[in-house]
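Observations on chain architecture
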Amino acid sequence: MARELVDDVHWIRNCHPDDGRHLHMSEYLLRDGTDTILVDSGSSHYREEIISEVNRLTDGGGPDVVLLTHSTLPHTENVPAFEDEWGETETIAATGRFPEVVGLPDAEVRQLNQPVEFAGRPFTCIHPLLTDVTVSQWAYDHESGVLFTAEAFGHYHDAENCGQTSAEMEGGIPMEHIDDFYMDKLPFVDFLDREKLGDAFEMLFDILDVTYVAPIHGTPVAAEDIDDYVDDVMQALDPQSVDS
Ligand SMILES: [Zn+2]
Ligand SMILES: [Zn+2]
């Protein structure tokens, strides 16, 4: 299923049932005229759904560029299927200098924290401030102001909130869904330097004009909710706040 988040940026989502709640498995499609960029390739569980949504949104043309937020499974596992479906695409990996070691022999790597263009659209691939693996990147789309954040800023959601943004959820994103996500997916966060991380978040959101924080495993967070949401994430990352 897909919906347009802001002009030309489509949120493609599938929901993974997880212990009574759902976990988003999302990709984002940016379409400018006939130029199309797909952020992440998604999980093979949802391969058919993703391919059919991308076909619907691109009149069968598929993406020109696949921009990966992770160079690990399951975020990469549809890349070969995409090539079968749409022919060769430009695949941008998120890794050091050797995408072949993570099974992406034809992928390119772009330097982080430097402006680049994908399909003529200005982007900055960002060294992730918070992530599960080092072969990961965030990406900021300068045209729409959407910040794609890979594994960071994820959370679970309830079945009645599947397609909503943070601004549409009554009472916002529940704290326990944020807490549980970090506990399950990024358990090492107890060892982070929270002060440094908090400062880095503050600086990033001061520099960038972000319209949406778009995680792969969570509801897109609208501009007006970002400050509160970052506070909630910082609280979730605080081992003292975990009630036993
Ligand atoms: Zn993931
Ligand atoms: Zn759902």
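Reading the values: the criteria
- Residues numbered from 1 in each chain as written.
- Chains lettered and ligands numbered in written order.
- Predicted model: local features only at pLDDT ≥ 70, side-chain atom pairs only at ≥ 80, totals over all residues.
- Heavy atoms only, no water.
- Donors = N, O, S within 2.8 Å, 3.2 Å for Na, K, Ca; no water.
- Tetrahedral: all angles 85-135°; square planar, octahedral: opposite > 155°, others 65-115°.
- Helix = DSSP H or I, 4+ residues; strand = E, 2+ residues; numbered from the N terminus.
- Buried < 20%, exposed > 50% of the residue type's maximum accessible area, 1.4 Å probe, protein only.
- Pairing = 2+ DSSP bridges.
- Core = buried A, V, L, I, M, F, W, Y, C linked by side-chain atoms within 4.5 Å.
- Contact = heavy atoms within 4.5 Å.

What follows concerns the coordination of the zinc ion (ligand 2). Taken together, the protein donors to the zinc ion (ligand 2) comprise Cys15 (SG), His22 (ND1), His157 (NE2) and Cys162 (SG), at separations of 2.1 to 2.3 Å. Coordination at the zinc ion (ligand 2) is tetrahedral, judged from the four donor atoms that bind it and the angles of 97 to 117° they form at the metal. For the zinc ion (ligand 2), the single-chain donor residues occur in sequence as C-x6-H-x134-H-x4-C. Taken together, the residues Cys15 in strand E2 (residues 9-18) and His157 in strand E12 (residues 156-157) connect sequence positions 142 residues apart. Assigned by exposure class, Cys15 and His157 land together as buried.

Below, the discussion takes up the sheet that holds strand E10 (residues 138-141). In space, the six strands of this open sheet follow the order E8-E9-E10-E11-E13-E14, with mixed pairing throughout. Edge strands, defined here as strands with exactly one partner in the open sheet, are strand E8 (115-118) and strand E14 (221-222). Pairing between E8 and strand E9 (residues 121-126): four bridges, direction antiparallel. Its bridge partner lying in E9, Phe118 is registered against Arg121.

Moving on, we get to the nonpolar core. Residues Leu130, Trp138, Leu147, Phe153, Tyr182, Phe201 and Phe205 are the most contacted members of the largest nonpolar core, which totals 32 residues. Where this core is concerned, the elements lending two or more residues are E10, helix H3 (175-185), helix H4 (194-207) and helix H5 (226-236). Residue contributions to this core peak at six residues, all from H5. Setting aside residues up to four positions removed in sequence, Leu147 forms contacts with Ile126, Trp138, Ala139, Tyr140, Leu204, Phe205, Leu208, Val210, Tyr212, Val213 and Ala214. Judged by nonpolar contacts, the second largest core, of 21 residues, contains Leu5, Ile37, Leu67 and Tyr212.

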